[in-house]
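Commentary on secondary and tertiary structure
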Amino acid sequence: MANSNIDIDLLRRRVYDNLNDAATKNSDEYHYDQKDEKLQTKQSPYCFQNFVCLGVAVAVFYFTDFLNVILYDASIKSTWFWSGALFLSVHLGILVYIVFYQSFWKKLHSDEWETKFPRVFPIATSAFIIGMICFSVSLWPVWGFLTPLIFLSLFLGGVVIIAMIG
């Protein structure tokens, strides 16, 4: 009985000492090590998958004659098209305001965006989704059921270009 009490006391002291050691460690060094580990495992934006995605987006843009269809095709539903353009303009306006104005001129770090502007991201996301739905409806007479796939490939190509530039 006395032996088990000693073991329990010894265990409590070891746990208490480990907790104190962890509390006295410099937290900046600990986070720095974690960030350093993540930076070492971070992939380059110039990987094979990104080039394939970019190639698919360029091929889709070329073979669907995307720009000429948007500019000159009479079967596009113009009300839906301009509604989509309006919603995407809202999305891009929010993007420019947050990323460029707040980050570069106001020097606001990206970790603080959600705390300082909590409603901006849901508004931007919903504007993007509604805009893509409007564009899909407007261009459905041209490409039919391939319209969402065309937009998906072009969107992923745009994301890859932004990742490669930034």
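Residues numbered from 1 in each chain as written. Predicted model: local features only at pLDDT ≥ 70, side-chain atom pairs only at ≥ 80, totals over all residues. Heavy atoms only, no water.

**Comments concerning the layout of surface pockets**
By volume, the largest pocket amounts to about 730 Å³. If you trace the largest pocket, you find 20 residues lining it, with His91, Leu92, Phe128, Phe155 and Ile162 closest to the centre. Sorting the residues of the lining of the largest pocket by element identifies helix 4 (66-72), helix 5 (78-105), helix 7 (120-143) and helix 8 (147-165) as the ones contributing at least two each. A class-by-class count of the residues in the lining of the largest pocket yields 17 nonpolar, three polar and no charged. (1 Å grid on protein atoms, 1.4 Å probe; cavity = no way out; pocket = protein on both sides within 12 Å on 5 of 7 lines; lining within 4 Å. Points joined across faces, edges and corners; volume = space filled by probe spheres on them. Helix = DSSP H or I, 4+ residues; strand = E, 2+ residues; numbered from the N terminus. Nonpolar A, V, L, I, M, F, W, Y, C, P; charged D, E, K, R; others polar.)

**Looking at the packing of helix 5 against helix 7**
Interaxial distance between helix 5 and helix 7 falls to 7 Å at its minimum, and their mutual angle equals 155°. On the basis of the axis angle, helix 5 is roughly antiparallel to helix 7. The way helix 5 lies across helix 7 gives a crossing that is left-handed. Among the residues forming the contact of helix 5 with helix 7, the class breakdown is 19 nonpolar, five polar and no charged. (Axes fitted to C-alpha atoms, helices over the stretch in contact; angles between N-to-C directions. Parallel < 35°, antiparallel > 145°, perpendicular 65-115°, else oblique. Left-handed = near helix turned anticlockwise from the far one by under 90°.)

**Considering unusual backbone geometry**
Phi angles above zero are rare outside glycine, and Asp65 is one such case at about 55°. Checked against the element boundaries, Asp65 lands in the loop between helix 3 (48-63) and helix 4.

**Some words on the nonpolar core**
Membership of the largest hydrophobic core comes to 14 residues, with the highest contact counts inside it found for Phe66, Phe135, Leu139, Trp143, Ile150 and Phe151. At the level of secondary structure, the elements contributing two or more residues to this core comprise helix 4, helix 5, helix 7 and helix 8. Ranked by the residues each element gives to this core, the list is headed by helix 7, at four residues. Residues within four places of Phe151 in sequence aside, it is in contact with Phe66, Met132, Phe135, Ser136 and Leu139. (Core = buried A, V, L, I, M, F, W, Y, C linked by side-chain atoms within 4.5 Å. Buried < 20%, exposed > 50% of the residue type's maximum accessible area, 1.4 Å probe, protein only. Contact = heavy atoms within 4.5 Å.)

**Regarding helix 7**
Given a rise of 1.5 Å per residue, 24 residues ought to cover 34 Å, and the 33 Å separating the end C-alpha atoms of helix 7 matches this to within 8%. A bend of about 35° at Val137 is the largest found in helix 7, and the proline Pro141 appears one to four places after it. For helix 7, the complete set of buried residues consists of Val120, Ala124, Ala127, Gly131, Met132, Cys134, Phe135, Ser136, Ser138, Leu139 and Trp143. On its buried face, helix 7 is in contact with helix 4, helix 5 and helix 8. Looking one or two places after helix 7, you find Gly144, whose phi comes out positive at around 65°. (Expected span 1.5 Å × (residues − 1). Bend = angle between axes of the 7 residues up to and from the residue.)

**Some points on a nonpolar patch on the surface**
Taken together, the side chains of Trp140, Phe145, Leu146, Leu149, Leu152, Phe155, Leu156 and Val159 define a hydrophobic patch exposed on the protein surface, amounting to about 780 Å² of accessible area. The partly exposed category is assigned to Leu146, whose relative accessible area is 40%. (Patch = residues over 30% accessible without salt bridge, like charges linked within 9 Å, V, L, I, M, F, W, Y side chains within 5 Å. Areas by Shrake-Rupley, 256 points an atom, 1.4 Å probe, with all protein chains shown as cover. Salt bridge = Lys/Arg side-chain N within 4 Å of Asp/Glu carboxyl O.)

**Let's talk about the UniProt feature "transmembrane region" (unreviewed entry) in the protein chain**
Mapped onto this numbering, the UniProt entry gives "transmembrane region" (unreviewed entry) at residues 51-74, 80-100, 120-139 and 145-165. Segment residues 51-74 splits into 83% helix and 0% strand. End C-alpha atoms: 34 Å apart. Secondary structure within residues 120-139 divides into 100% helix and 0% strand; the distance between the first and last C-alpha atoms comes to 28 Å. (UniProt positions renumbered as here; feature names shortened; annotations may be inferred.)

**Topic: the packing of aromatic side chains**
Applying the stated criterion across every chain, the model contains 13 aromatic pairs. Note on Tyr97 and Phe117: the rings are 5.9 Å apart at their centroids and 75° apart in plane angle, and the pair reads as edge-to-face. Placement of Tyr97 in helix 5 and of Phe117 in the loop between helix 6 (113-116) and helix 7 is noted, with a sequence separation of 20 residues between them. Tyr97 sits in the partly exposed class, given a relative accessible area of 35%. (Phe/Tyr/Trp six-rings, centres within 6.5 Å; stacked < 30°, edge-to-face > 60°.)

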